[in-house]
Amino acid sequence: MTCSHAPPWQAICSRQALENGQFFEFSLAVAEQNVDTLPLTGFAFLDGDTPRAYVNRCPHMGIELNWVPGRFKDTDNLFLQCSTHGALFKPRDGECIAGPCQGDALTALDIREAGVILEVRLPE
Ligand code: FES
């Protein structure tokens, strides 16, 4: 008998919901959320044809990146951008390439396709 301690997967949206540059925001069903911190949320999008998902928390101050629902890109539509101080993150791996947390990175979530539904693995 095998025993897996890997966290479970959570369905978030259909792949179709991410077409045309759309972002999808979701709550993470983490069992033990600290009441002193913000609820854990994430966002998903298509990087080219590849679905990607990150925890919606800027490494600079630990707050959500976006002020406007679904708005995560810079004006050139090249990088993910934090609305508070303008840090820029590479969509592919979440690395901060400019701003107060340069060299740090967003927390990536494993994402997979299960039929037409996208699922993320819950953080431990
Ligand atoms: S809170 Fe994101 S760059 Fe400062």
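This write-up is about the structure you can find in this document. Predicted model only: the values in this text are computed from it and were never measured.

1. Focus: the overall build of the protein
Consideration 1: Helix and strand counts for the protein stand at zero helices and ten strands.
Consideration 2: For the protein, the C-alpha radius of gyration of 15 Å lies close to 14 Å, the compact-globule estimate for 124 residues.
Consideration 3: Reported as C-alpha extents along the three principal axes, the dimensions of the protein are approximately 50 × 35 × 25 Å.
Consideration 4: For the protein, long-range pairs separated by at least 24 residues make up 46% of all intrachain contacts whose partners lie at least 6 apart in sequence.
Consideration 5: Only carbon and sulfur atoms are counted for the fraction: they give 50% of the accessible area of the protein, which is about 7500 Å².

2. Side note on the sheet that holds strand S9 (residues 111–114)
Consideration 1: In space, the three strands of this open sheet follow the order S1-S10-S9, with antiparallel pairing throughout. Two strands lie at the open edges of the sheet, namely strand S1 (9–14) and S9, each paired on one side alone. Strand-to-strand twist of the sheet, defined as the mean angle between neighbouring strand axes without regard to direction, takes the value 35°.
Consideration 2: Pairing between S9 and strand S10 (residues 117–121): four bridges, direction antiparallel. Considered in S10, the bridge of Ala 114 is made with Ile 117.

3. Regarding unusual backbone geometry
Consideration 1: Even without being glycine, Asn 20 reaches a positive phi, approximately 60°.
Consideration 2: Mapped onto the elements, Asn 20 comes out in the loop between S1 and strand S2 (24–27).
Consideration 3: A relative accessible area of 76% places Asn 20 in the exposed class.

4. Some words on the pattern of salt bridges
Pairing is possible between side chains that carry opposite charge, provided their charged atoms lie close to one another.
Consideration 1: Evaluation of the coordinates by the stated rule reveals seven salt bridges.
Consideration 2: Salt-bridge contacts for Glu 95 lead to Lys 90; the nearest nitrogen and oxygen are separated by 3.1 Å.
Consideration 3: Classification of Glu 95 by relative accessible area gives partly exposed; the value is 31%.
Consideration 4: Judged by relative accessible area, which is 28%, Lys 90 ranks as partly exposed.
Consideration 5: When the shortest N-O distance is used, the salt bridge between Glu 119 and Arg 112 registers 2.7 Å.
Consideration 6: Residue classification places Arg 112 among the partly exposed positions, given a relative accessible area of 35%.
Consideration 7: Through salt bridges with shared partners, one network takes in Arg 15, Asp 49 and Glu 113.

Cut-offs applied
Residues numbered from 1 in each chain as written. Predicted model: local features only at pLDDT ≥ 70, side-chain atom pairs only at ≥ 80, totals over all residues. Heavy atoms only, no water. Helix = DSSP H or I, 4+ residues; strand = E, 2+ residues; numbered from the N terminus. Rg over C-alpha atoms; globule rule 2.2 N^0.38 Å. Contact = heavy atoms within 4.5 Å. Areas by Shrake-Rupley, 256 points an atom, 1.4 Å probe, with all protein chains shown as cover. Pairing = 2+ DSSP bridges. Axes fitted to C-alpha atoms, helices over the stretch in contact; angles between N-to-C directions. Buried < 20%, exposed > 50% of the residue type's maximum accessible area, 1.4 Å probe, protein only. Salt bridge = Lys/Arg side-chain N within 4 Å of Asp/Glu carboxyl O.

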